[in-house]
Amino acid sequence: MKGLQKIGLGLFILSLAIFISLLFIGNYKVTPSNFEQFSSSKGIKSELFIKKMNEKVVGVEYSNSFSFSSEIISAMESSNEIYKKNKEWDKVIWDKPHSFSYQLAKKSGIGLVNENKSLFWWLTFGLGIIGSLFFIIPNVILLGPKGIKNNGIFLNSATNRGWIGWLVFIFLVSFYLLLYFRPDYIVNWTYIVDPISKNLSGNLASQWFLYGFLYCTVMTVMAVRMYIKYRHNKYQILRTTSVLFFQIVFAFLIPEILVRFEKPWYDFKNAFPLDYDFFFSWNLDQLIASGGFGLFVLIWGIVLTLVIVPIMVYFFGKRWYCSWVCGCGGLAETLGDPYRQLSDKSMNAWRLERWLVHGVLVFAIVMTGFTLYAYFSSNESVLAIKTQTIQDIYGFLIGSIFAGVIGTGFYPIFGNRVWCRFGCPLAAYMGIVQRFKSRFRITTNGGQCISCGNCSTYCEQGIDVRAYAQKGENIVRASCVGCGICSAVCPRGVLKLENGPENGRINPTDILLGNNVDLMSLIKDK
Amino acid sequence: MEHIVIIGNGISGVTTARHIRKLSNKKITIISAEHDYFFSRTALMYVYMGHMKFEHTQPYEKWFWKKNNINLKKGFVENVNHSEKQLIFSNGEIMAYDKLIIATGSKPNKFGWPGQNLDGVMGMYHKQDLENLEKHAPNNKICKRAVIVGGGLIGIELAEMLHSRHIPVTFLVRESSFWNGVLPKNESAMINREIISNGIDLRLGVNLKEIKDNGSGKVKSIVITETDEEITCDVVGLTAGVSPNINFLKDSGIELGRGVKVNRYLETNIKDIYAIGDCAEQHEAIEQRRPIEAVWYTGRMMGETLAQTICENKTKYQPGHWFNSAKFLDIEYQTYGWVWAQPKENEARFYWEYKDGKKCIHINYDKNTQEFLGINSFGIRMRHEFFDSVLTKKQSVHHVLEHLADANFDPEFYKLHENEILEKFNKENNSNIQLRKKSWSQIFKMKA
């Protein structure tokens, strides 16, 4: 069994090495016809750029994506500079440089990877999946009889911020930086999922398709791990199945199929304000332009946020979304599960959390307010601030850096729910509902708590669960995503996630059940 | 300002301090020689197993003590001079008190076995034991086998700990079946099976004769009394129960039995000196409880109670209905009320076991009045409030079975066994009890 795991680990590392090496292989060459097609489809009016490209780039073979894109970007930027100086605004290319160069690179790759897409899919994804499963499945036996098996988590450098943790951190952060800010460097990665994308939407894969596919793959493989680790716990099994279903069907398949039918890409479960660009003018225009379907999406999006989300939180707590439906939550609960114990439980972290997460919510609402005002009044700016600028700042700081680079990249350092806890505006909104108007609570079982601290240690949201449990108090916290792990790891059967009457949900107790009845009532009367 | 000094920073001492602080602004000092900060002793096992780090066992952050103006002092009290109201520390230091609370807990029992003080022989109680274990049994290369002596809760925890690092364990239990002084036969047998199925070498009905020296002061092997079998090992865990940690009070004039003798107000024979927690011994046992109860929550309850007395609201220690819980490897155990190992004359029993042999409930009730007396539950979580209320209202076993759905505390979507349980009861007793649906209003009425 151990041998199988070693083979699995070897295969996985090999696949990862091949995946990374793809960044450095393959050549790029813009053919004249490709360039012609590209510039006409983009409607490029920059003669200087076209000239420079034809002189220096077209027909030349580059041996890597880095030199290729730096050439394109320098051609673009130097031409732009001149046009800007001459105030010939229509000739300026306004695209983001690396997205622009990505589009050209996507058409220009030649050589090994582009010609052997399926082979490289198998060498990366295929090998990675097989290796991971070889590593994970023997745990059915190696973990021993079913039950909570957290042995050695804090003795392992992968799960206790050791060197493996830091390596994973570096890999994940680099991945997100490339994905968000240097898509032109990862064109090779998109090639290997082209065949799948073709089959689904009919288009070649973008970096976002790659991300979506990778996301689903990682979640599926790591869900297998969850199924094995928590095979005694039906709540965990159902919850894992649910997030997996919503990710694959709602976040991945349906949107791609919509595109195939020439409808706007839309994830029906992604509620505003997590879906922060839902009310951006480009999206509204696109929806309105796509007729009845667009209108339906528009109404659905509004109803989802204003009606469905709060009602569901009232009945079930925010867990119905965060740990049963949401994609971010889904990744956190599968890929992130090995890191849940790394969340910060200190009072200071809680303080920071409240400022940050509600700050992001306010930011999202103000931005949307400005955007809508601008949209309906046809102004570009509100209070002399360009709405575009606010949107760009939000997209960069919150959408990319916070949700992606920090949210997932920092799993091995700060735990798996950094984004959900500190950044997600939807979580903040649902948290307010959950705290003040909901039937959900974690019930503390009378006086059984022995303050061992397993619950707090394994709370991914950094809630000091023990602080409540040892006082006999139910846990009613805005940030609780209802993952149910505190209840699972409790050795004394103290915690239970429940939906019950609001009355008695919050039960301040100084004296715990089991002591002198008169004393309990004496304290309660005070 | 009155100075309250508490010796011992375990759950009893710390609970007292917290509650005194809630009720007053008296000066509070907590003394400990073991560690600067309160930690949960029950969680030490999880540190060794790698489930937690030591800091996770500390329920309060460092700022908590300062914010609540509770002074922490590290030191070992060697003597109490009650006529001068002074504590004398081992380093000669002296501290004055107005009221003294002794909350020094327990220490592991050693029964004078030859070799019991060798290197590699340890209890599993103090933080220092954990460090010692880490030194002698970091892995199965350095510790090729460990022998545990004493089949109680700490013994099985230590077995689980060593097992988590794949260290072969031989588990010597004096009784003929695990913990059968407390558990009825069926439950005890279930735990025997659980221990064996985890690959632990369980030896029932055996005693330790001696621990042998390897010639350099370290343990080499142990010998079993009954068979004279010698078992080679690198670590010996002595887990044959605990007793009050009160040696330092021998000549203090405070009345001692096995523990510090206290009355129902937790007062000792000396004015302004109190004792709580594991080290306190009631003059007379309270109801069916033992005079010394080394249980986490009784320590806490004594703390809650004594704080009232200290703060001018003299309150009798009145523990409610007995309850407890533990975990035996993968099997969780909860108990409410009394289910004795042997039924008493007036008692009838109902036992149900799930087909996988890892879940059971055992109900004890009065033969004549049908009053519910207690339940053992293995592998199924039960609601404390439900049983506390049932016991207070002296409700019948029928009531309990009827409302078993309200009592269940397992996580959502877990397989429920209530119907199966009722069916068995009805069959055995020729009754026709019907299970009622789970009712929130019932559950919440219990609270009132």
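Quantities reported herein were computed from a predicted structural model and do not represent experimental measurements.

Brief notes about the overall build of chain B
Point 1. Of regular secondary structure, chain B possesses twelve helices and 25 strands.
Point 2. Taking 448 residues into account, the globule formula puts the C-alpha radius of gyration at 22 Å, and chain B, at 24 Å, falls close to it.
Point 3. Within chain B, the fraction of its 448 residues that count as buried is 46%.
Point 4. Nonlocal contacts in chain B, meaning residues at least 24 apart in sequence, comprise 61% of its contacts between residues at least 6 apart.

So, the packing of helix α1 (residues 2–21) of chain A against helix α7 (residues 117–136) of chain A
Residue and element names in this part refer to chain A.
Point 1. Put simply, α1 and α7 touch, their axes get as near as 7 Å, and they point 155° apart. Between α1 and α7, the crossing angle belongs to the class labelled roughly antiparallel. The handedness of the crossing between α1 and α7 comes out as left-handed. In contact with L4, Q5, I7, G8, L9, L11, F12, L14, S15, L16, I18 and F19 of α1, α7 contributes L123, T124, L127, G128, I130, G131, S132, L133, F134 and F135.
Point 2. Across the contact of α1 with α7, the residue classes tally to 15 nonpolar, seven polar and no charged.

Quick look at unusual backbone geometry
Point 1. Of note, the bond from A:F272 into A:P273 is cis; its omega dihedral lies within 30 degrees of zero at 10°.
Point 2. Its place among the elements puts A:P273 in the loop between α13 (234–260) and α14 (281–289).
Point 3. The backbone of B:N69 sits at a positive phi, close to 55°, despite the residue not being glycine.
Point 4. One can find B:N69 in the loop between α3 (62–67) and β3 (70–74).

Thoughts on the interface of chain B and chain A
Point 1. In this assembly, 46 residues from chain B lie in contact with 45 residues from chain A.
Point 2. Breaking the side of chain B that touches chain A down by element, the ones donating at least two residues are α7 (296–310), β21 (323–328), β22 (331–337), α8 (384–392) and α12 (440–447) of chain B.
Point 3. For the side of chain B that touches chain A, the element with the most residues is α7(B), which contributes six residues.
Point 4. Of the residues that constitute the side of chain B that touches chain A, the class distribution is 17 nonpolar, 17 polar and twelve charged.

Analysis parameters
Residues numbered from 1 in each chain as written. Chains lettered and ligands numbered in written order. Predicted model: local features only at pLDDT ≥ 70, side-chain atom pairs only at ≥ 80, totals over all residues. Helix = DSSP H or I, 4+ residues; strand = E, 2+ residues; numbered from the N terminus. Rg over C-alpha atoms; globule rule 2.2 N^0.38 Å. Buried ≥ 20, exposed ≤ 12 C-beta atoms within 10 Å, placed from the backbone. Contact = placed C-beta atoms within 7 Å. Axes fitted to C-alpha atoms, helices over the stretch in contact; angles between N-to-C directions. Parallel < 35°, antiparallel > 145°, perpendicular 65-115°, else oblique. Left-handed = near helix turned anticlockwise from the far one by under 90°. Nonpolar A, V, L, I, M, F, W, Y, C, P; charged D, E, K, R; others polar.

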